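The primary structure of each chain is shown beneath.
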Amino acid sequence: MHPAPSVIIFTTLSGLGFGLLFFLGLGMPDVTGWTAFWFFVIGYVLAVGGLISSTFHLGHPERAIKAFSQWRSSWLSREGICAVAALLVMALFGAGLVFFNSTWQPLGYLGALLSLATVFTTSMIYAQMKTIPRWNMPWTPAKFLTLSLAGGALLAGQVTLAVILLVISGGITAATWAIGDGAFARSGTDMETATGLGRIGKVKAFEPPHTGTNYLLREFVHVVGRKHSQKLRIIAGTLAFVIPVFILLVLPFSHVLALVAILSHIAGVACARWLFFAEAEHVVGLYYGKR
Amino acid sequence: MTQLPTSTQKKLGLVIDLDTCVGCHACVISCKGWNTENYGAPLSDQDAYGANPSGTFLNRVHSYEVTPLATSAKPHPAAQTIHFPKSCLHCEDAPCVTVCPTGASYKREEDGIVLVNEKDCIGCGLCAWACPYGARELDQDEGVMKKCTLCVDRIYNENLPEVDRTPSCVRTCPAGARHFGDLGDPDSDVSQLVAERGGMDLMPEQGTKPVNKYLPPRPKDDLPEFDVLAPYLEPVAENSGGFIGWLDKALDKLPSKGAN
Ligand code: SF4
Ligand code: SF4
Ligand code: SF4
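Residues numbered from 1 in each chain as written. Chains lettered and ligands numbered in written order. Predicted model: local features only at pLDDT ≥ 70, side-chain atom pairs only at ≥ 80, totals over all residues.

Q: Describe the overall build of chain B, with residues and values.
A: Scanning chain B from terminus to terminus reveals eight helices and 11 strands. At 26 Å, chain B has a C-alpha radius of gyration far larger than the 18 Å of a compact globule built from 260 residues. With the C-alpha coordinates aligned to their principal axes, the bounding extent of chain B is approximately 85 × 45 × 40 Å. Within chain B, the fraction of its 260 residues that count as buried is 42%. Counting contacts in chain B only where the partners sit at least 6 residues apart, residues at least 24 apart contribute 62% of the total. (Helix = DSSP H or I, 4+ residues; strand = E, 2+ residues; numbered from the N terminus. Rg over C-alpha atoms; globule rule 2.2 N^0.38 Å. Buried ≥ 20, exposed ≤ 12 C-beta atoms within 10 Å, placed from the backbone. Contact = placed C-beta atoms within 7 Å.)

Q: Can you explain the pairing of strand E10 (residues 178–182) of chain B? Please cite residues and give values.
A: Residue and element names in this part refer to chain B. Within E10, four of the five residues are buried, which leaves the element mostly enclosed by the surrounding structure. Inspection of the sheet shows strand E1 (residues 12–17) paired to E10 by five bridges, in the antiparallel sense. Bridge pairing in E10 links Leu12 to Asp182. (Pairing = 2+ DSSP bridges.)

Q: How would you summarise the sheet that holds E1(B) if you had to cite specific residues and measurements?
A: Residue and element names in this part refer to chain B. Spatial strand order, E10-E1-E11: three strands in an open sheet with mixed pairing. Strand pairing shows two members of the sheet lacking a second neighbour, E10 and strand E11 (213–215), which therefore form its edges. Across the sheet, the axes of successive neighbouring strands diverge by a mean angle of 25°, strand direction being ignored. With three bridges joining them, E1 and E11 adopt parallel strand pairing. From the neighbouring strand, Val15 faces E11, where its bridge partner is Lys213. Where helix H6 (residues 189–197) meets the sheet, it contacts E1, E10 and E11, and its direction lies at approximately 120° from that of E10. (Axes fitted to C-alpha atoms, helices over the stretch in contact; angles between N-to-C directions.)

Q: Account for the packing of helix H10 (residues 229–249) of chain A against helix H11 (residues 255–278) of chain A, naming residues and giving values.
A: Any two packed helices are characterised by the angle at which their axes cross and by the distance between the axes. All names here are of chain A. Where H10 contacts H11, the two axes come as close as 8 Å, and the packing angle between them is 155°. Between H10 and H11, the crossing angle belongs to the class labelled roughly antiparallel. As for the relative orientation of H10 and H11, their crossing is left-handed in sense. Within the contact between the two elements, H10 uses Ser229, Leu232, Arg233, Ile235, Ala236, Leu239, Ala240, Phe241, Ile243, Pro244, Ile247 and Leu248 and H11 uses Leu257, Val260, Ala261, Ser264, His265, Ala267, Gly268, Val269, Cys271, Ala272 and Leu275. (Parallel < 35°, antiparallel > 145°, perpendicular 65-115°, else oblique. Left-handed = near helix turned anticlockwise from the far one by under 90°.)

Q: Please give an account of unusual backbone geometry that cites residues and values.
A: A cis amide bond, omega -5°, links Met28(A) with the succeeding residue Pro29(A). Topologically, Pro29(A) is positioned in the loop between helix H1 (5–25) and helix H2 (33–54). Phi angles above zero are rare outside glycine, and Asp47(B) is one such case at about 55°. Structurally, the position occupied by Asp47(B) is in the loop between strand E2 (45–46) and strand E3 (54–55). At Lys209(B), a position not held by glycine, the phi torsion is positive, near 50°. Topologically, Lys209(B) is positioned in the loop between H6 and E11.

Q: Just give me the short version of the site of ligand 3, but keep the residues and values in it.
A: Neighbouring ligand 3 are 15 residues; Cys21(B), Cys24(B), Cys27(B), Cys173(B) and Ala175(B) lie closest to it. Those elements giving two or more residues to the shell around ligand 3 turn out to be helix H1 (26–37) and strand E5 (80–86) of chain B. (Near = placed C-beta within 6 Å.)

Q: Would you mind going over the pairing of strand E4 (residues 60–68) of chain B in detail, with residue names and values included?
A: The sheet contact formed by strand E1 (residues 201–207) of chain A and E4(B) spans six bridges and is antiparallel. Note on E4(B): the bridge partner recorded for Lys204(A) is Glu65(B).

Q: Describe in detail the packing of H2(A) against helix H3 (residues 75–99) of chain A, supporting the description with residues and values.
A: Residue and element names in this part refer to chain A. Across the interface, H2 lies against H3 with an axial gap of 10 Å and an inter-helix angle of 165°. By the criterion of interaxial angle, the relationship of H2 to H3 is roughly antiparallel. Note on packing geometry: the crossing formed by H2 with H3 is left-handed. Residue-level inspection shows Gly33, Ala36, Phe37, Phe40, Ala47, Val48 and Leu51 of H2 in contact with H3, the latter providing Ala83, Leu87, Gly94, Leu97 and Val98. Here the contact of H2 with H3 is composed, by residue class, of 10 nonpolar, two polar and no charged. (Nonpolar A, V, L, I, M, F, W, Y, C, P; charged D, E, K, R; others polar.)

Q: Run through the sheet that holds E1(A), naming residues and quoting values.
A: Taken together, the three strands give an open sheet; going across it, the order is E1(A)-E4(B)-E5(B), and neighbouring strands pair in antiparallel fashion. With partners counted over all chains shown, the strands left at the sheet margins are E1 of chain A together with E5 of chain B, one partner each. Direction aside, the axes of adjacent strands within the sheet are offset by 35° on average. Direction of pairing for E4(B) relative to E5(B): antiparallel, over a ladder of seven bridges. Paired with His62(B) across the strands is Phe84(B), a residue of E5(B).

Q: Outline the site of ligand 2, supporting the account with residue identities and numerical values.
A: Surveying the vicinity of ligand 2 reveals 14 residues, the closest of which are Cys100(B), Ala104(B), Cys121(B), Cys124(B) and Cys127(B). Across the shell around ligand 2, the residue classes break down as 10 nonpolar, four polar and no charged.

Q: Now, about the environment of Trp135(A): what can you tell me, with residues and values included?
A: All names here are of chain A. Positionally, Trp135 belongs in the loop between helix H4 (105–127) and helix H5 (139–155). Residue classification places Trp135 among the buried positions, given that 27 C-beta atoms sit within 10 Å. Taking C-alpha positions, Trp135 is 26 Å from Ile262, a pair spaced 127 residues apart along the chain. Excluding its chain neighbours within four sequence positions, the residues that come into contact with Trp135 are Tyr126, Ala127, Met129, Thr140 and Ala280.

Q: Kindly report on the interface of chain A and chain B, identifying the contributing residues and their values.
A: If you look at the interface, chain A gives 45 residues, while chain B gives 52 residues. Counting only elements with at least two residues in the side of chain A that touches chain B, the list comes to H3, helix H8 (191–195), E1 and helix H9 (215–220) of chain A. In terms of residue count, the dominant contributor to the side of chain A that touches chain B is E1(A) (seven residues). Among the residues making up the side of chain A that touches chain B, the classes are represented as 18 nonpolar, 18 polar and nine charged.

Right, here's the structure in full:
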């Protein structure tokens, strides 16, 4: 898959933002007034910034409102609804904390639930794709949810929880890499089933339909990025999990170091997200003899 | 509405004969011609006359080389070239429809045709991600999703002579490799053809239940093990006279290098 920057930025930032909003909804940290205000600003900038950047790749962003209509069948539609509901509920809860110095806890719990639901619906957009075997497994939502929670805990200053969640999400991320590597072969789709010509023998692409490229090849066939995937996995894992855990566990606490841990985590998650797309192979590539 | 109908009254679709397709691409051109002028936004091209041309097509013809498995009778079977037209298969369980967030993609209850309502399409591309066959292309100029409409604006069009009320690709194919009809009716010509020739689904394991079927290439005849052209290369005249006869003898007399 083509690793579109807008989608990488969107899933990375909004995942973090909704993770932070989840903890704020649970009252972790238990803040009011100006401190609460700044925590909520960070959560909203990340979540909303991510959502806005996701509209950049649309052909007709001005019609985006229509995307809320098909929640019965479409995960993208459900994501939009969950995101707007989470942001509205958390805005009310935040207003209580910031302006009225009062904790409307039921709203907080609801907002926390909706925030997680948003991350889950995002992950299901990818996990539902049978055409992309690497994504089409329960590990995909597990990865998105634990990454969002780990990043949220980190931003919310929940040191112990952050360490535990970072270790879990790191493990799940590594598992998605290992399991994902054989997913295409296990899916049973190959050039023989794609063309139905397998009953005659081995199929080889002889001539593509056109001499030039096309939308399908640009969007779905991204061979270049996979060359360095092992190196990038190590870089992503080190930045996203190893460095933050080391800082939180080993080094004495300071705000500067906490900031370094957060930035390192974000960079690592963005790198892993780039790989998530670049390594994903769509079955349509088979028609072109590519993966 | 992007929920799929539980069943459709008809299952209109194509049957493509991989045995007869000669890979001429006439169907590609006639499809582009008809559909750029009719239903919905035109099919744009980018850099059409430049170094890196690309464009939107609803039907593309691939070519494959298939090497049959070796047997003891035929240890070195000859490879076959097979031309392979591909467009939307109007799947019964169309994943492209259910993922659409806006309701722009839908499958018609009356005839099973899968269409895009371009006025509702936000160009998110998700339906193209969900299609295993590469049958949907986002038009770069218009920012909306394009796909085969089964020429919905021809097949019911009373302004056209009856012979033209069939998809443009089918009407154009010079080899008779494309057939159109109701695959939901077991008595229709296309259903009969599929039954007779063992019509197949593409990527059945994806669970899309395509309506379009492909007829597999028939087994190839064996070429006899002698030179079929030899009888035609025998000298026509044994004792020719005149200028040709003289030339023949003169050439025979020339010492030839390396020969004999
Ligand atoms: S071929 Fe692709 S676009 Fe056509 S109905 Fe099937 S999944 Fe949808
Ligand atoms: S590109 Fe258009 S038709 Fe396809 S899923 Fe998005 S809104 Fe629906
Ligand atoms: S027009 Fe007919 S013969 Fe020519 S490529 Fe298309 S299907 Fe094949």
